[in-house]
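Understanding the architecture of this molecule
As a plain string of letters, each chain reads:
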Amino acid sequence: MNAPFETAKLHDCRDAFVGMLEALGAENTDIVAVCNDSVGSSKLGGFREKFPDRLVNVGIAEQNMVGVGAGLANGGKIPFVCAASPFLTGRALEQIKADVAYSETNVKLVGISSGMAYGELGATHHSIEDFAWIRALPNVPVIAPADRIETAAAVKWAAEYEGGCFLRLSRVGVPDLLPEDHVFEPGKANRLRDGSDLTIIANGVLTHRAVAAAAILDTQGVSARVLNMATVRPIDADAILEAAQDTGAILTCEEHTVFGGLGSAVAEVVVDHHPVPMTRLGVPGIFAPTGSANFLLDEFGMSPEGIAKSAAALIKRKG
């Protein structure tokens, strides 16, 4: 990883998730956790030790897991339903649609190890369609925090929010980007760097790579704005339109297929209100191969250098 993050401490956002969940659980006995035999990968061991009566492990039965979460919500509890994102969103999509979105239940869906975090386990364990699947449903905000600070803030917000939501968390280490006192606001982008030549929009594990790419571009005389767009739905249309008007070009980066995710959500706003040249970086409509998450991101052109190269090519299209 290139400057400014090559020597930065990296954090697993799952630690921030469980840290906040345990703190909230100590304050509110209605907070419960539901998982699919994933106490270890969801890092819920501490929660189980502190609140043994408030962890429900349904085994490898994701559809039942979401249904149990909905039942607990209907009983007045605040369930955080945790599972590997490919199985939570893939196997249980019908239950998410009917029991959470349509029924408007207060279920917090937590997709662990999302994107290509399970890289060595191959395409069956990649979760590069979850943005598209979940953001198509009404009533379920879709959130991909950029760092441990935003993760903790998003978990706190989710616990207080009356309704379902989807938190997409990775196991890949990321550096701190946001201030310690950051307050999460759904549908609100964070401008991490100002710029006038183009805007780079990213979320999750791609955000710090976008910032690093902007630093590379700066050495080339290119001024790049960077937006952390943690909420894919509702999308921050105002920030997108301001970027289109001010910089005249937008590059999106996501650990997801280029179909239906962050890039598509941004493009929908742009094409409807202020068309400008755009490039969408992501997995190009294929099953991603086997390999580490960082290797795969690099292979799909989303290293800092790759992002900077795509940005430079995009600027040439501005005319």
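Here's the deal with the pattern of salt bridges
- Scanning the model with the defined rule gives 17 salt bridges in all.
- We note a salt bridge from Glu22 to Lys50, for which the minimum N-O separation is 3.0 Å. Here Lys50 lies in helix H2 (residues 45-50) and Glu22 lies in helix H1 (residues 13-27), a separation of 28 residues in the sequence.
- When the shortest N-O distance is used, the salt bridge between Arg209 and Asp298 registers 2.8 Å. One end of the pair, Arg209, is in helix H8 (residues 207-219); the other, Asp298, is in helix H11 (residues 293-299), and 89 residues separate them in sequence.
- Connected through shared salt-bridge partners, Arg191, Asp194, Arg225, Glu242 and Asp246 make up one network.

Quick look at the environment of Phe17
- Its location among the elements puts Phe17 in helix H1.
- Overall, the relative accessible area of 0% leaves Phe17 in the buried class.
- Placed 135 residues apart in sequence, Phe17 and Ala152 show a C-alpha to C-alpha distance of 5.6 Å.
- With residues up to four places along the chain from it excluded, the contact list for Phe17 reads Ser42, Leu44, Phe80, Cys82, Val110, Ile112, Thr151, Val155 and Leu169.

Thoughts on the nonpolar core
- Membership of the largest hydrophobic core comes to 39 residues, with the highest contact counts inside it found for Leu88, Leu109, Ile201, Ile240, Ile250 and Val266.
- Leu109 has contacts with Val66, Val81, Leu88, Ile96, Cys165, Phe166 and Leu167, leaving out every residue within four places of it along the chain.
- Counting residues in each nonpolar core, the second largest holds 35 residues, with Leu206, Ala214, Ile216 and Ala288 among its members.

Quick word on empty space enclosed by the protein
- Using the criterion set out here, one finds one cavity of 30 Å³ or more in the structure.
- The calculated volume of the largest cavity comes to roughly 110 Å³.
- In this structure, the largest cavity is lined by 13 residues; those nearest its centre are Pro145, Arg168, Ser170, Gly204 and Val205.
- Across the lining of the largest cavity, the residue classes break down as seven nonpolar, four polar and two charged.

Cut-offs used in this document
Residues numbered from 1 in each chain as written. Predicted model: local features only at pLDDT ≥ 70, side-chain atom pairs only at ≥ 80, totals over all residues. Heavy atoms only, no water. Salt bridge = Lys/Arg side-chain N within 4 Å of Asp/Glu carboxyl O. Helix = DSSP H or I, 4+ residues; strand = E, 2+ residues; numbered from the N terminus. Buried < 20%, exposed > 50% of the residue type's maximum accessible area, 1.4 Å probe, protein only. Contact = heavy atoms within 4.5 Å. Core = buried A, V, L, I, M, F, W, Y, C linked by side-chain atoms within 4.5 Å. 1 Å grid on protein atoms, 1.4 Å probe; cavity = no way out; pocket = protein on both sides within 12 Å on 5 of 7 lines; lining within 4 Å. Points joined across faces, edges and corners; volume = space filled by probe spheres on them. Nonpolar A, V, L, I, M, F, W, Y, C, P; charged D, E, K, R; others polar.

Purely geometric stuff here, so don't read any function into it on its own.
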